[in-house]
Amino acid sequence: MAKASKKYELRLYIAGNTPKSTAALKNLKKYCEEHLSGIYSIEVIDLLVNPQLAEGDQILAIPTLVKKVPEPVRKIIGDLSNEAKVLVGLDIKPANK
Amino acid sequence: MAKIIKDKSANLRGKQLKKSPTGITGFDEITLGGLPKGRPSLVCGGPGSGKTLFGIEFIVNGAIKYDEPGVIIAFEEKSEELTTNVASLGFDLDRLQKENKIKVDYVHVDKSEIEETGEYDLSGLFIRLSHAVDSIKAKRVVLDTIENLFSSLSNEGILRSEIRRLFQWLKDKGLTAIITGEKGIATLTRQGLEEYVSDCVIVLDHRVQNHVSTRFLRVIKYRGTMHGTNEYPFLIDREGFSVLPITSLELSHDVSNEKISSGIVSLDEMLDEGKGFFRGSSILISGTAGTGKTSIAASFANATCLRKERCLFFAFEESPQQIIRNMKSIGMDLQSHIDKDLLRFHPSRPTIHGLEMHLVEIHKRIIEFKPHTIILDPITNLVTIGTVSEVKSMLMRLIEYLQSNQVSVLFTALTSTASSSEQTDEGVSSLVDAWITVRDLESNGERNRGLYIMKSRGMRHSNQVREFVITNEGLELVDVYLGAKGVLIGSAREAQQLEEATGEELRTYAGSRTDRQIQRKRTVLEAQITSLKEEFESIEEELGNTRREEQLRKEIMERNRKEITEGRYINMKSKRNKQDGKGK
């Protein structure tokens, strides 16, 4: 894969252990293992624990996945159930495919 | 009205809706206390109608005046932008943020950065809000403008349910909130937010009439309380937001018996007791162009300042410098009053803003300066920005306001020569307490000013026309000549006065001549008397002499007879003796 050389830094914002959060984390892990094996890191931030962090990344919706690196910064909101959209959002797959 | 309702429900007071004062001038009066406490209120209006400012002022006043910290969640402007924007109104958001009285949180959603996949909720927003609220123990919240979410997030179903949840959450937390919304085409807000906020809805609007824009505020709905329902004009100026309640509920205010001078002694003398107008009354000076209305107004101002009272002069026609210069020429030094801050000019072009705005402006200046007297010169120019009835209603409210504050007011009004001088163009003559008309009286090829008192409520006043003259020393009223030849004014009056003076002189002269004649006659008479007396005395003396002569002669004759008689006796004796001797 062409993008294998890149390093992916992902942050997942959740608020407590809601079904949506759990689903999102599960989905994310699955996609990463499939497409970004070895070159990704996931940081899970629970806003109920650290509410002040919400401001920095302009988090509104929960759950939100933020791709900080590589640029550009993208946010994917929702439980990440739509694999194709997530992959486009993470620039893993080009949007036209 | 409000009072009666309050009295009736005195026992219910504890259960009544609690209100959160906004600190916005006038708004708390309309809503009888402010926004509903612990509930969200919707403020909507078109672009540039002042929604954001309303919200910010609510928060800032809460933090400064009412000790209720507040949170501003800004969806449109960054906090730095907000800070800059409101700094011009004297709000220091940065300082308030540092003092933990206010928290501004800028929520930015960029659609291009966001991909939506599957289910989500807005807990992030909730968490941010609740974090902000908890960190400063906020009591007030402004969401400006939550509708922006609709443009950045596409799942409307989720948004709507989340917004509903948000408002419920705000209520549960007991936060007094303002939600701003952009005006929609057929609805109050574009996204129909009004269906979620049902407690209090305020609409802001600005309309352009005759190229003049006026802002209006209206409380559409306010559950659980009474409120003013009219459209109230409001003003955004360097002190922020101020709303003006148009109509006060009652027509009752204290009145004063104190009189204040008009600054023209001879005008005061035309009024009862010669002391001038009542304090707190409204005086109208009407007249055609160039009759000296402004001069009368200025002398009223001058008199006020000379009493060490404050006067506020609204000049709609001339600049202050011009007025000061012109009044100097008739012996009034207004500059010295300005230096002592007893006199303030507030010049403004009538067309600078709408009529209502002028009223708000006047109110504000009055509250600021607390004058004893205000002058509006002239009110005629206000008609250019409103209809006659609008001007009348504005002035009526102004008079009402001024009277309740015991402020005397003097209006000047220009009457056009064509219209009857019994009616001013603004139709305010019935509203005022005293009305003075200055009219051009044209006769014998010259124009003179005649001054009448048309009415003066509550005091006797002269019904005479006076001639009004402007001299280097000030204004003066001269008695017009009323006589067999009719009313004479101007040079005709002067000629008549001269003629009278001449007649007087002649009469005096004639009088003195008679006096002298009498004097002379007396002298002559007295001389005659003396001579007659002397004559009498000489006659008397003569007569006395004659009498004495007569007496003398009588005595002498008596003596002579006696002597003769005696002589005869002796003779007879001797004869007898001779005869005796012979016979023996």
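Residues numbered from 1 in each chain as written. Chains lettered and ligands numbered in written order. Predicted model: local features only at pLDDT ≥ 70, side-chain atom pairs only at ≥ 80, totals over all residues.

Asker: Even after reading the chapter, I still don't get unusual backbone geometry, so can you show me in this structure?
Answerer: The phi angle of most residues is negative, glycine excepted, and most peptide bonds adopt the trans form. Cis geometry is found at the peptide bond from A:Ile62 to A:Pro63, where omega equals -5 degrees. Put simply, B:Asp144 and B:Thr145 share a cis peptide bond, and its omega is -15 degrees. For B:Thr145, the location among the structural elements is in the loop between strand S7 (140-144) and helix H7 (148-152). Even without glycine at this site, B:Asp341 takes up a positive phi of about 60 degrees. By secondary structure assignment, the location of B:Asp341 is in the loop between helix H12 (334-339) and strand S17 (343-347). Among the residues examined, B:Asp341 registers 10 C-beta atoms within 10 Å and is labelled exposed. (Helix = DSSP H or I, 4+ residues; strand = E, 2+ residues; numbered from the N terminus. Buried ≥ 20, exposed ≤ 12 C-beta atoms within 10 Å, placed from the backbone.)

Asker: Sorry if this is basic, but what is going on with the packing of helix H13 (residues 355-369) of chain B against helix H14 (residues 388-404) of chain B here?
Answerer: How two helices pack is summed up by the angle between their axes together with the distance between the axes. Residue and element names in this part refer to chain B. Relative to each other, H13 and H14 sit at 15 degrees, their axes nearing to 10 Å. Taken as axis vectors, H13 and H14 run roughly parallel relative to one another. Note that H13 runs across H14; the crossing there is right-handed. Residues Leu 355, Glu 356, Leu 359, Ile 362 and His 363 of H13 form the contact with H14, whose own contacting residues are Glu 390, Val 391, Met 394, Arg 397, Leu 398 and Tyr 401. Residue composition of the contact of H13 with H14, grouped by class: seven nonpolar, one polar and three charged. (Axes fitted to C-alpha atoms, helices over the stretch in contact; angles between N-to-C directions. Parallel < 35°, antiparallel > 145°, perpendicular 65-115°, else oblique. Left-handed = near helix turned anticlockwise from the far one by under 90°. Contact = placed C-beta atoms within 7 Å. Nonpolar A, V, L, I, M, F, W, Y, C, P; charged D, E, K, R; others polar.)

Asker: Help me understand the confidence of the model for chain B in this model?
Answerer: Predicted coordinates in areas of low pLDDT are best not read in detail. All names here are of chain B. Looking at chain B as a whole, its pLDDT mean stands at 82, while 92% of the residues score no less than 70. Put simply, helix H1 (residues 2-8) is where chain B has its lowest mean pLDDT, 50, and strand S16 (residues 311-315) is where it has its highest, 91. Confidence metrics for the complex model read pTM 0.66 and ipTM 0.85. (pLDDT = per-residue confidence, 0-100.)

Asker: I would appreciate a short explanation of the pairing of strand S23 (residues 474-479) of chain B in the present structure.
Answerer: Regular strands place side chains that alternate from one sheet face to the opposite one. Residue and element names in this part refer to chain B. Bridge analysis of strand S22 (residues 466-471) against S23 gives six bridges, and the strand direction is antiparallel. Bridging across to S23, Val 469 finds its partner in Glu 476. What sits between S22 and S23 in their antiparallel hairpin is a turn of two residues. (Pairing = 2+ DSSP bridges.)

Asker: Is there a simple way to think about helix H10 (residues 293-306) of chain B in this case?
Answerer: Side chains of residues three or four places apart in an α-helix project in the same direction, reflecting 3.6 residues per turn. Residues and elements named next belong to chain B. Here H10 spans 20 Å end to end across 14 residues, near enough to the 20 Å set by a 1.5 Å rise per residue. With respect to burial, H10 is a largely interior element, 13 of its 14 residues being buried. Of the residues trailing H10, Lys 308 is marked for its positive phi of about 65 degrees. (Expected span 1.5 Å × (residues − 1).)

Asker: Explain the environment of B:Leu143 to me, please; I cannot follow it from the model alone.
Answerer: All names here are of chain B. Within the secondary structure layout, Leu 143 lies in strand S7. Classification of Leu 143 as buried rests on a count of 28 C-beta atoms within 10 Å. The sequence separation of Leu 143 and Thr 52 amounts to 91 residues, and the corresponding C-alpha distance is 9.1 Å. Beyond its immediate chain neighbours, meaning those up to four positions away, Leu 143 contacts Ile 73, Ala 177 and Ile 179.

Asker: Just to check I follow, could you spell out the sheet that holds strand S1 (residues 8-14) of chain A for this structure?
Answerer: In sheet architecture, strand pairing relies on hydrogen bonds along the backbone and comes in two forms, parallel and antiparallel. Read across the open sheet, the five strands follow the order S2(A)-S1(A)-S3(A)-S4(A)-S6(B); overall the sheet is mixed. Two strands bound the open sheet, and with one partner strand each, they are strand S2 (40-46) of chain A together with strand S6 (114-116) of chain B. Strand-to-strand twist of the sheet, defined as the mean angle between neighbouring strand axes without regard to direction, takes the value 20 degrees. Taken together, the four bridges between strand S3 (residues 64-69) of chain A and strand S4 (residues 74-77) of chain A define a ladder with antiparallel strand orientation. Note that in S4(A) the partner of A:Val66 across the bridge is A:Lys75.

Asker: What am I meant to see in the nonpolar core here?
Answerer: Proteins that are soluble and globular tend to have nonpolar side chains buried together. All names here are of chain B. Core analysis: the biggest nonpolar cluster contains 150 residues, and Ile 72, Ile 73, Val 141, Val 142, Val 243, Ala 301 and Ile 375 have the highest contact counts within it. Looking at this core, you find at least three residues from each of domain 1 (17-243) and domain 2 (259-479). In contact with Ile 73, other than residues within four places in its own chain, are Asp 105, Val 107, Leu 129, Val 142 and Leu 143. (Core = buried A, V, L, I, M, F, W, Y, C linked by C-beta atoms within 7 Å. Domains from an automatic or database assignment.)

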